[in-house]
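One-letter residues, chain by chain:
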Amino acid sequence: MIRRIAIIGLGTMGPGMAARLARGGLQVTAYDVAPAAIERARTMLGTAEGVLDSLGVAPSSAGAGTVRFTDDIGDAVADADLVIENVPENISVKAEVYRMIDGLISSDTIVASDTSGIPITKLQAHISHPERMVGMHWSNPPHIIPMIEVIGGEKTAPQTVATIRELIRSIGLLPVVVKKDVPGFVENRVFYALLREAVDLVERGVIEPEDLDTCVSWGIGYKIAVIGPMALLDMAGLDIYKSVSSFLNADLSNRDDVAPMVLERTNASKFGIKSGEGMFSYTPEQTKALQADRARKLVAVRRILEGRE
Ligand SMILES: NC(=O)C1=CN([C@@H]2O[C@H](COP(=O)(O)OP(=O)(O)OC[C@H]3O[C@@H](n4cnc5c(N)ncnc54)[C@H](O)[C@@H]3O)[C@@H](O)[C@H]2O)C=CC1
Ligand SMILES: Cc1ncc(C(=O)O)c(C(=O)O)c1O
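Residues numbered from 1 in each chain as written. Chains lettered and ligands numbered in written order. Predicted model: local features only at pLDDT ≥ 70, side-chain atom pairs only at ≥ 80, totals over all residues. Heavy atoms only, no water.

## Observations regarding the site of ligand 2
Phase 1 of the analysis: Residues in contact with ligand 2, as listed here, are Ser 116, His 137, Ser 139, Asn 140, Glu 187, Asn 188, Phe 191 and Tyr 192.
Phase 2 of the analysis: Between ligand 2 and Ser 116, the relevant distance is 2.6 Å, taken from an oxygen atom to a side-chain nitrogen or oxygen of the residue.
Phase 3 of the analysis: Measuring from a nitrogen atom of ligand 2, one finds a side-chain N or O atom of Tyr 192 at 2.6 Å.
Phase 4 of the analysis: For ligand 2, the accessible surface in isolation is 330 Å², of which the surrounding protein chains cover 69%.
Phase 5 of the analysis: Its residues placed into classes, the shell around ligand 2 shows 2 nonpolar, 5 polar and 1 charged. (Near = heavy atom within 4 Å. Polar contact = N/O pair within 3.5 Å; in protein donor to acceptor, adjacent residues only side chain to side chain. Areas by Shrake-Rupley, 256 points an atom, 1.4 Å probe, with all protein chains shown as cover. Nonpolar A, V, L, I, M, F, W, Y, C, P; charged D, E, K, R; others polar.)

## Quick look at the sheet that holds strand S8 (residues 174-178)
Phase 1 of the analysis: Taken in spatial order, the 8 strands line up as S3-S2-S1-S4-S5-S6-S7-S8 in an open sheet, and their pairing is mixed. If you trace the sheet from one side to the other, it starts and ends with strand S3 (66-70) and S8, each paired once. This sheet shows a mean twist of 25 degrees between the axes of neighbouring strands, independent of strand direction. (Pairing = 2+ DSSP bridges. Helix = DSSP H or I, 4+ residues; strand = E, 2+ residues; numbered from the N terminus. Axes fitted to C-alpha atoms, helices over the stretch in contact; angles between N-to-C directions.)

## Some details on the packing of helix H7 (residues 187-203) against helix H8 (residues 209-224)
Phase 1 of the analysis: H8 packs onto H7 with a crossing angle of 145 degrees between their chain directions and a minimal axis gap of 9 Å. With respect to the hand of their crossing, H7 and H8 are arranged in right-handed fashion. Listed contacts from H8 to Leu 194, Ala 198, Leu 201 and Val 202 of H7 are Pro 209, Leu 212, Val 216 and Ile 220.
Phase 2 of the analysis: Of the residues that constitute the contact of H7 with H8, the class distribution is 8 nonpolar, no polar and no charged. (Left-handed = near helix turned anticlockwise from the far one by under 90°. Contact = heavy atoms within 4.5 Å.)

## Side note on the side chain of Thr 70
Phase 1 of the analysis: Within the secondary structure, Thr 70 sits in strand S3.
Phase 2 of the analysis: Here Thr 70 falls in the buried class, since its relative accessible area comes to 7%.
Phase 3 of the analysis: Within polar-contact distance, the side chain of Thr 70 engages the backbone nitrogen of Asp 72 at 3.1 Å.
Phase 4 of the analysis: Within the local environment of Thr 70, its side chain forms a polar contact with the side chain of Asp 75, the two groups lying 2.8 Å apart.
Phase 5 of the analysis: Beyond its immediate stretch of four places on either side in the chain, Thr 70 contacts Ala 30, Tyr 31, Asp 32, Ile 38, Asp 75 and Ala 76. (Buried < 20%, exposed > 50% of the residue type's maximum accessible area, 1.4 Å probe, protein only.)

## A word on the site of ligand 1
Phase 1 of the analysis: Residues in contact with ligand 1 amount to 24 residues; listed here are only the nearest, Thr 12, Asp 32, Glu 89, Lys 94 and Ser 116.
Phase 2 of the analysis: Contact distances for ligand 1 include 2.6 Å between an oxygen atom and a side-chain N or O atom of Ser 116.
Phase 3 of the analysis: Look at ligand 1: alone it shows 840 Å² of surface, and the protein chains cover 79% of it.
Phase 4 of the analysis: For the shell around ligand 1, the element with the most residues is helix H4 (residues 91-102), which contributes 3 residues.
Phase 5 of the analysis: In terms of residue class, the shell around ligand 1 is built from 12 nonpolar, 8 polar and 4 charged.

## Examining helix H2 (residues 35-55)
Phase 1 of the analysis: An ideal rise of 1.5 Å per residue puts 30 Å on 21 residues; H2 measures up with 30 Å between its terminal C-alpha atoms.
Phase 2 of the analysis: The set of residues buried in H2 consists of Ala 37, Ile 38, Ala 41, Leu 45, Ala 48, Val 51, Leu 52 and Leu 55.
Phase 3 of the analysis: Against helix H1 (14-23), S3 and helix H12 (284-305) lie the buried residues of H2.
Phase 4 of the analysis: Once H2 ends, the next one or two residues include Gly 56, with phi positive near 75 degrees. (Expected span 1.5 Å × (residues − 1).)

## Focus: the packing of aromatic side chains
Phase 1 of the analysis: Counted according to the given criterion, the structure contains 2 aromatic pairs.
Phase 2 of the analysis: Taking the centre distance of 5.8 Å and the plane angle of 85 degrees together, the rings of Phe 191 and Tyr 192 count as edge-to-face.
Phase 3 of the analysis: For Phe 191, a relative accessible area of 40% puts it in the partly exposed group. (Phe/Tyr/Trp six-rings, centres within 6.5 Å; stacked < 30°, edge-to-face > 60°.)

## With respect to the packing of H1 against H2
Phase 1 of the analysis: Where H1 contacts H2, the two axes come as close as 8 Å, and the packing angle between them is 50 degrees. In terms of their interaxial angle, H1 and H2 are classed as oblique. Crossing angle aside, the handedness with which H1 passes H2 is right-handed. Here Pro 15, Gly 16, Ala 18, Ala 19, Arg 20 and Arg 23 of H1 lie close against H2, whose contacting residues are Ala 41, Met 44, Leu 45, Ala 48, Glu 49, Leu 52 and Asp 53.
Phase 2 of the analysis: Residue classes in the contact of H1 with H2 are distributed as 8 nonpolar, 1 polar and 4 charged. (Parallel < 35°, antiparallel > 145°, perpendicular 65-115°, else oblique.)

The values reported here are purely geometric and, on their own, carry no functional implication.
Here you go:
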């Protein structure tokens, strides 16, 4: 039974996860190597709790859990039933965290990674109890998006996958078990196929970035929240899909490296909202307003999709 959870890494994802897990009645300790990240996370935690209130996510019947911040990794993982590693998407950074916690956790502590797509089999090579390591891939913003992928690597015990799936279900979220440890799992394989084509179309001047977003959000994006791709195939007709894919698939982007448009920006430290500029530009005031507006709309859409409005 999982009651105490340590979150390692409090950047974009950690604070929202901490808020959601605590709302589910769990005792969370939250650690980051950077003191500034811990300070930022305190504010982000408060914002996420407000969003959970507006989503109507009630505390568990046993009451809400707690979030305690710490700057000591040993303190964070001591007594944890589950450690969620949430540091940058880089195998050596993640492996260093596993090495650090290896001697600090008990042999029955589960270690989960929120990796966006590094195969779990690669990550579990860096830990003493690989049978207790599992992928637990949340989607951003983690306190709003209810689906979480659960992925076992070659050495993950089936019981570890089952325990994490049950934990997710027990706090009212939606676990999806990915049956094969493929890079990117399922969500990001599908999403990155879309992103590759979107970036390519903008880069080739087929469409302006703002218009690309309008096309995708109000075209496929809007309906895909209600009708998933497999069901859409049936709605459109497999005969139509057969005809279109017979000429279109061969014309879609198949680039296997990072697009120049993305490299130019990342080389200039233009990472998006976190640096004030990426595909678009953002002042701090615009960022605040945008995040509040997006949270409000995501909350409203989720309430409707769940049949609550
Ligand atoms: N940003 C996103 O939309 C999503 C990210 N992910 C995955 O979640 C993981 C974390 O991503 P983000 O939160 O976006 O990263 P981020 O870069 O925003 O935050 C990472 C945090 O880890 C901290 N950190 C670095 N080394 C550390 C160490 N040795 N010990 C403790 N803390 C350390 C950093 O100080 C930073 O605060 C990555 O694997 C990413 O691929 C998963 C779903 C969505
Ligand atoms: C661009 C991008 N990459 C990865 C992820 C992820 O799920 O890991 C996300 C996300 O929104 O969650 C993302 O936007």
